[in-house]
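These are the residues of each chain, in order.
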Amino acid sequence: AQTVTQSQPEMSVQEAETVTLSCTYDTSENNYYLFWYKQPPSRQMILVIRQEAYKQQNATENRFSVNFQKAAKSFSLKISDSQLGDTAMYFCASLGGDKVIFGPGTSLSVIP
Amino acid sequence: SQTIHQWPATLVQPVGSPLSLECTVEGTSNPNLYWYRQAAGRGLQLLFYSVGIGQISSEVPQNLSASRPQDRQFILSSKKLLLSDSGFYLCAWSYSPGSGTDTQYFGPGTRLTVL
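My aim in this report is to walk through the structure given alongside it, one point at a time. (Residues numbered from 1 in each chain as written. Chains lettered and ligands numbered in written order. Predicted model: local features only at pLDDT ≥ 70, side-chain atom pairs only at ≥ 80, totals over all residues. Heavy atoms only, no water.)

Before going further, it helps to examine the environment of asparagine 32 of chain B. Turning to its location among the elements, asparagine 32 of chain B is positioned in strand S4 (residues 32-38). Taking C-alpha positions, asparagine 32 of chain B is 14 Å from proline 69 of chain B, a pair spaced 37 residues apart along the chain. (Helix = DSSP H or I, 4+ residues; strand = E, 2+ residues; numbered from the N terminus.)

Written out as structure tokens, the structure reads:
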């Protein structure tokens, strides 16, 4: 069975600073994908970044990057130059087979 | 480009009443479709997913059901709502397996309150 754990229920960061959100997962699949989704107060789920497990290179999307440690089953998200619009719930997710499993989420507040 | 719609956006229903939530996808064909529920302050719980017309897989046995009458239409239903059915319902789609990408894209959601 797949599981996704996010050990930080809430985090805060000063505007323009860098913050890292943690995620660990467990899967028996050999081929899988990992995602970070953002859910702002509007509750629209927005894809932030995607990582294929077979790729060793860490994915990056502008100010967002991941640290993918496959052996440790760790998939953390780094947000650089935090902006007020980054305030949201962040969900880590794992896809193996047909289904995506979501973690419980981390609530991030960016403080002006 | 692909878009996904859900309606209604908000719904308030009495206990014991029926439910029908609709999700449609535009701009793609033969998508995988998903229904999730998100309780307040919680993560997402997968309820149903479908890989084709009439093909529904249920993840959580409960008083909800899903149907896929058309390729890009996914409906979540209940004959009698319970208080515990309150929550935020999200529909999502992804490309079919083997297409090279499995990212799920979400609709705007429906906020359901059962009184």
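This part takes up the interface of chain B and chain A. On the chain A side, the residues contacting the 21 residues of chain B number 17 residues. A buried area of about 1,600 Å², summed over both sides, lies between chain B and chain A, and 52% of it is on carbon and sulfur atoms. Put simply, chain B and chain A have zero salt bridges between them. Taken together, the connections running from chain B to chain A amount to six residue pairs in polar contact (both at pLDDT 80 or more). Every element with two or more residues in the side of chain B that touches chain A is listed here: S4, strand S5 (44-52) and strand S9 (87-94) of chain B. Here the residues of the side of chain B that touches chain A sort into 10 nonpolar, seven polar and four charged. (Contact = heavy atoms within 4.5 Å. Buried area = accessible area lost by both parts, 1.4 Å probe. Salt bridge = Lys/Arg side-chain N within 4 Å of Asp/Glu carboxyl O. Polar contact = N/O pair within 3.5 Å; in protein donor to acceptor, adjacent residues only side chain to side chain. Nonpolar A, V, L, I, M, F, W, Y, C, P; charged D, E, K, R; others polar.)

Residues and elements named next belong to chain B. Taken together, the four strands give an open sheet; going across it, the order is S1-S3-S8-S7, and neighbouring strands pair in antiparallel fashion. The sheet terminates laterally at strand S1 (3-7) and strand S7 (64-70), the two strands that pair on one side only. Across this sheet, the average inter-strand angle for adjacent strands is 20°, counted without regard to direction. (Pairing = 2+ DSSP bridges. Axes fitted to C-alpha atoms, helices over the stretch in contact; angles between N-to-C directions.)

Moving on, we come to the pattern of salt bridges. Where charged atoms from two side chains of opposite charge come close, those side chains can pair. All names here are of chain A. What the rule picks out here adds up to six salt bridges over all chains. For arginine 50, the salt bridge goes to glutamate 52, with nearest N and O atoms at 2.9 Å. Glutamate 52 sits in the buried class, given a relative accessible area of 13%. The structure contains a network of salt bridges with shared partners spanning Arg50, Glu52 and Lys55. (Buried < 20%, exposed > 50% of the residue type's maximum accessible area, 1.4 Å probe, protein only.)

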